[in-house]
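Okay, here's what each chain looks like letter by letter:
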Amino acid sequence: MRVLTLIVDFVDRRLGVRELFDKELRGYLLPRNVNVWYTLGAVLLALFGLQILTGILLLIHYVPHADQAFASVQRITNEVPFGWLVRLLHAVGANVIVIALLLHMLSVLFMASYKGRREFTWLSGFGLFNLAMALCLTGYLLPWSQLSFWATTVATEAPGAIPVVGDLAREFLRGGATVGGQTLGRFFALHVVALPLALLGLIGLHLFCVKRRGISPPPFGSDYRSQELPAAFVHEEHRGGIPFFPNYVVKDAAVICFFLALLLGIVFFAPNLFFPPAAFEPADPFVTPPRIKPEWYFLWAYQTLKIFPSELIGLGVQGAFMTLLALLPFLDRGPERRPAKRPIFVTVFFLGLLVFVAISVWGHYS
Amino acid sequence: MNGRLRSLLPLLAGVLLAATPALALAPPETVCIQCHGGQAGPLGDPAREWPGSVHQRNGISCHDCHGGDPADYANAMSPARGFIGVPAHDRVPEFCGRCHVGVLEDYRQSAHGRKVSEGGAQCVVCHGSHAVREASLDLINERDCSRCHDYGRAAEIRAALDETDARLAGLGEGFERLRRLGADVEPAKGKLFDLRNRFHRVFHSVEVDKVRAETGRVQAEAALLQAEIDAYDRQTARRRVWGGVAVGLLVMLGLVLLQVRHTYADEERRG
């Protein structure tokens, strides 16, 4: 302990870290009625950190080549000490991240936390969601299993429906006319370098936006005050609030523990919950497995394309929905945030959620 | 919404449109299926019977047996591309034996094989032609065998094979279960495949003594494969114990941290 104090003293004399710590963490005050949904950001940070750690460990043994990728994943799972655990934490962790991301986005939507000149916070968060989806999609191909190969074939087929540039977009994604070794190469580069770098940058921007503008307080309880849009930049402070450290950090840590327990529970007791049998067969471009489906979080998009008479209309509907979601803070500009006072929004919110679940279930069984 | 933002909308929509994933993709069909699938009667039967067969499940399509070009209508039935139509009754063993070499050898020495030129049973009589059934003991049954001869000897052979066949089937299910857990079972499945083939070859000899002798050898090798499954199951059970401990500790730690948070909350209320 004394050694640690000496080290901190050494750093503090040079960088003033104690002052920084007191100001940015102890002195960072959160609204008194902040609830459990506000821990999801910390949960996501922890889960992304775990993905980076396990991803680096997987990189030691993974071979990004069509002839060796599947065998290298088999080697990681069966021969590398604790390789099975690292791989499952990474693969199942991606699914848990999507769950946490959806919960985070839904809670922000429900509490209208995007309001009050927080467009950049929302847009950076929306960008993070899409980046995470892109990471899932690119990571899906890397094991080079039947599922990887055909799910990627299906997914990269979609842009082909765009008029004029469709074929070009599809070939650009695949690196050729069909999914092959060249697709694996570019997806690997995207998955391990380009997308994680973009993700880290966007996480930084998102946290900066949250901190700079100030936490949006929950729109519940007697403390709630409807706020008009400020004419100039205002940092929303919460005088008399609770300190971020240690008061709220312990709650963050508690929910992180519960999410990690969920992750480990799946890894140890239901390891193939997210993986159909085709995930364990090497890719074979000449044999299409029956009932190949995308991951559960892409099922809504998969089914949407099948509902409409033309793929282009389906893509257009998806694009319109995502665009609407991205621009929501620019469109929903009223000062009211309390769900009870926003019946139309809340109805659309729950109906939208119901449609999302229904279309996904339909996509699963179709 | 201001004008600058409005001008960015098409670009943003384009980007999101390109980013939206997933599309249903139909598997490519051979021209054989496309053409015969649309025909009524015997010419359409093969295309209707093949789906679900052991050949279809293992990716063996029309052209793998009948030759021809499966991607070109004009040459789909061209002898120059190796097309073979329907083989004569006594040529069927040779037709199937191009792949099932070992079985052909035993079959030819059997009572069935020796009588094939006189109308004796060959491959498709028991296994079917296009809805090809997987080799299993279910193929030896009173209804099918009695079509040609008395069931007595066949029943005796089936009784000798029964336990071993069930054991091999159980091993197959066991390895499939382990494969779905990510275990590299290919070497073991290769051994099981070899063992099952050797065992099923014996079926075709239709000799009770030979069947009994070979069954003993197969059982000994099956025990070794079962040991591999048992070892993996023990390893999985050990992992689950550690996993359960880890999950329990995390939940407990989470609950303790929530208690700490309650303590802070009490302090906050007191001001």
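One numbering rule holds for all chains: residues counted from 1, following each sequence as written. All chains are assigned letters beginning with A, and all ligands numbers beginning with 1, in the order in which they are written. Totals for whole chains, interfaces and linings use all residues, but because this is a predicted model, local features are given only for residues with pLDDT of at least 70 and pairs of side-chain atoms are given and counted only at 80 or more. Side-chain numbers come from the whole structure's heavy atoms, not from hydrogens or water.

K.L.:
So what exactly am I meant to see when it comes to the overall build of chain B here?
P.N.:
Looking only at helices and strands, one finds 13 helices and 0 strands in chain B. Where helices and strands are cited, they refer to DSSP runs of H or I of at least four residues and of E of at least two residues respectively, numbered from the N terminus. When the helices and strands of chain B are read in sequence order from the N terminus, they spell out α-α-α-α-α-α-α-α-α-α-α-α-α. Partly exposed residues are those whose accessible area sits between 20% and 50% of the maximum for their type, while under 20% is buried and over 50% is exposed, using a 1.4 Å probe and protein chains only. A total of 271 residues make up chain B; the buried ones form 34% of that total. Any two residues having at least one pair of non-hydrogen atoms within 4.5 Å are treated as being in contact. Sequence separation of 24 or more characterises 57% of the internal contacts of chain B that already satisfy a separation of 6 or more. For every accessible area listed, the method is Shrake-Rupley and the probe measures 1.4 Å; residues are considered covered only by the protein chains on display. Accessible area of chain B: about 15,800 Å², with a carbon and sulfur share of 59%.

K.L.:
How do you make sense of the overall build of chain A when you look at a structure like this?
P.N.:
Each helix and strand counted, chain A has 14 helices and 2 strands in total. Between the two quantities, the radius of gyration covers C-alpha atoms and the globule rule is 2.2 Å times the number of residues to the power 0.38. Relative to its length of 366 residues, chain A is compact, with a C-alpha radius of gyration of 23 Å against a globular reference of 21 Å. Judged by the C-alpha coordinates and their principal axes, chain A covers about 65 × 60 × 40 Å. Looking at chain A as a whole, 50% of its 366 residues qualify as buried. A fraction of 76% describes how many contacts in chain A between residues 6 or more apart in sequence connect residues 24 or more apart.

K.L.:
Explain the side chain of A:Gln51 to me, please; I cannot follow it from the model alone.
P.N.:
Residue and element names in this part refer to chain A. Within the fold, glutamine 51 resides in helix H3 (residues 40-61). With relative accessibility at 13%, the residue glutamine 51 sits in the buried group. From its side chain, glutamine 51 meets the backbone oxygen of histidine 90 in a polar contact 3.0 Å long. Beyond its immediate chain neighbours, meaning those up to four positions away, glutamine 51 contacts Leu89, His90, Gly93, Ala94 and Ile97. N or O atoms within 3.5 Å of each other form a polar contact, as long as, within protein, one can give a hydrogen and the other can take it, and as long as residues adjacent in sequence are counted only when both atoms are side-chain atoms.

K.L.:
Would you mind showing me how to read the packing of H3(A) against helix H5 (residues 83-110) of chain A here?
P.N.:
Angle between the axes and distance between the axes: these two values describe a pair of packed helices. Residues and elements named next belong to chain A. The axes used here are C-alpha line fits, helices contributing only the stretch in contact, and every angle between their N-to-C directions lies in the interval 0 to 180 degrees. Orientation of H3 relative to H5, taken along the N-to-C sense of each, is 155 degrees, at an axis distance of 9 Å. The pairing of H3 with H5 is recorded here as roughly antiparallel in orientation. Remark: the crossing between H3 and H5 carries left-handed chirality. Residues are sorted three ways: Asp, Glu, Lys and Arg are charged, Ala, Val, Leu, Ile, Met, Phe, Trp, Tyr, Cys and Pro are nonpolar, and all the rest, Gly among them, are polar. Its residues assigned to classes, the contact of H3 with H5 comprises 15 nonpolar, 8 polar and 1 charged. Just so you know how the angles are binned, under 35 degrees is roughly parallel, over 145 roughly antiparallel, 65 to 115 roughly perpendicular, and the rest oblique. If you view the pair so one helix is near and one far, a crossing is left-handed when the near helix is turned anticlockwise from the far one by less than a right angle, and right-handed when it is turned clockwise.

K.L.:
Quick question: what am I supposed to make of the confidence of the model for chain B here?
P.N.:
Detailed conclusions should not be drawn from predicted coordinates in areas where pLDDT is low. Residues and elements named next belong to chain B. As a per-residue quantity, pLDDT reports the predictor's confidence and falls between 0 and 100. Considering every residue of chain B, the mean pLDDT works out to 85; 90% of them sit at 70 or more. The least confident element of chain B is helix H1 (residues 3-19), whose mean pLDDT is 45; the most confident is helix H13 (residues 208-270), at 94. Predicted complex metrics record ipTM = 0.93 and pTM = 0.81.

K.L.:
Mind showing me how you'd approach the interface of chain B and chain A here?
P.N.:
Frequently, the measure chosen for interface size is the accessible area removed from exposure when the parts meet. On the side of chain A, 55 residues touch chain B, which itself brings 40 residues to the contact. Of the roughly 4,400 Å² buried between chain B and chain A on both sides combined, carbon and sulfur atoms contribute 73%. Any carboxyl oxygen of Asp or Glu within 4 Å of a side-chain nitrogen of Lys or Arg constitutes a salt bridge here. Where chain B meets chain A, there are 1 salt bridge. For A:Glu281, the salt bridge is made with B:Arg179, and the minimal N-O distance between the two is 3.6 Å. Using a 1.4 Å probe, buried area is obtained as the accessible area two parts lose upon being combined, added over both of them.

K.L.:
Sorry if this is basic, but what is going on with unusual backbone geometry here?
P.N.:
Excluding glycine, a negative phi dihedral is what most residues carry, and trans is how most peptide bonds are arranged. Residue and element names in this part refer to chain A. The step from phenylalanine 245 to proline 246 runs through a cis peptide bond, and the omega angle for that step is 0 degrees. In this structure, alanine 112 is a non-glycine residue whose phi angle is positive, near 50 degrees. One non-glycine residue, tryptophan 144, lies in the positive phi region at around 55 degrees.

K.L.:
Would you mind going over the pattern of salt bridges with me for this structure?
P.N.:
Where charged atoms of side chains with opposite charge meet at close range, the side chains can pair. Inspection of the entire model under this criterion finds 34 salt bridges over all chains. One salt bridge in this structure joins A:Arg170 and A:Asp167, with 2.7 Å as the shortest N-O distance. A residue pair is termed a helical-turn pair when its members lie 3 or 4 positions apart in one helix, as A:Arg170 and A:Asp167 do in helix H8 (residues 166-174) at 3 residues. One salt bridge connects B:Glu221 with B:Arg198, and the closest N-O pair in it is separated by 2.7 Å. Remark: B:Arg198 occurs in helix H12 (residues 186-205) and B:Glu221 occurs in helix H13; sequence separation between them is 23 residues. You can call B:Glu221 partly exposed: its relative accessible area is 33%. Three or more residues joined by partner-sharing salt bridges are found here, namely B:Asp194, B:Arg198, B:Glu214, B:Arg217 and B:Glu221.

K.L.:
Can you walk me through the packing of aromatic side chains in this structure?
P.N.:
Ring pairs (aromatic) are described by centroid distance and by the angle formed between their planes. All names here are of chain A. For this analysis, a ring pair means two rings from Phe, Tyr or Trp (six-membered ring only for Trp) whose centres lie within 6.5 Å, classed as stacked if their planes differ by under 30 degrees, edge-to-face if by over 60, and tilted for the remaining angles. Applying the stated criterion across every chain yields a total of 13 aromatic pairs over all chains. Between phenylalanine 110 and phenylalanine 350, the ring centres sit 5.9 Å apart and the planes meet at 70 degrees, which makes this aromatic pair edge-to-face. Of this pair, phenylalanine 110 sits in helix H5 while phenylalanine 350 sits in helix H14 (residues 343-365), placing them 240 residues apart in sequence. Residue classification places phenylalanine 110 among the partly exposed residues on the basis of a relative accessible area of 23%. A relative accessible area of 45% places phenylalanine 350 in the partly exposed class. Measuring from centroid to centroid gives 5.2 Å for phenylalanine 149 and tryptophan 150, while their planes differ by 75 degrees, and the two rings are edge-to-face.

K.L.:
It is not clear to me how the packing of helix H6 (residues 119-141) of chain A against helix H9 (residues 181-213) of chain A should be interpreted in this structure. Could you clarify?
P.N.:
All names here are of chain A. Taken N-terminus to C-terminus, the directions of H6 and H9 make an angle of 160 degrees; their axes are 9 Å apart at the nearest point. By the criterion of interaxial angle, the relationship of H6 to H9 is roughly antiparallel. H6 and H9 meet at a crossing whose hand is left-handed. For the contact of H6 with H9, the per-class residue count stands at 20 nonpolar, 9 polar and no charged.

K.L.:
Could you clarify how one ought to interpret H3(A) in this entry?
P.N.:
It helps to recall that an α-helix has 3.6 residues per turn; residues three or four apart then point in one direction. Residues and elements named next belong to chain A. What a helix is expected to span follows from its residue count: subtract one and scale by 1.5 Å. Look at H3: 32 Å from first C-alpha to last across 22 residues, which is about the 32 Å you get at 1.5 Å a residue. Along H3, the residues classified as buried are Leu40, Ala42, Val43, Leu44, Leu47, Phe48, Leu50, Gln51, Thr54, Gly55 and Leu58. Against the buried residues of H3 lie helix H4 (69-78), H5, H6, H9 and helix H10 (244-269).

K.L.:
How should H10(A) be read in this particular structure?
P.N.:
For H10(A), which comprises 26 residues, the first-to-last C-alpha distance of 35 Å matches the rise-based estimate of 38 Å (1.5 Å per residue) to within 8%. Here the bend at each residue means the angle between axes fitted to two seven-residue stretches, the one ending at that residue and the one beginning there. In the structure, H10(A) departs most strongly from a straight axis at A:Val250, where the bend amounts to approximately 25 degrees.

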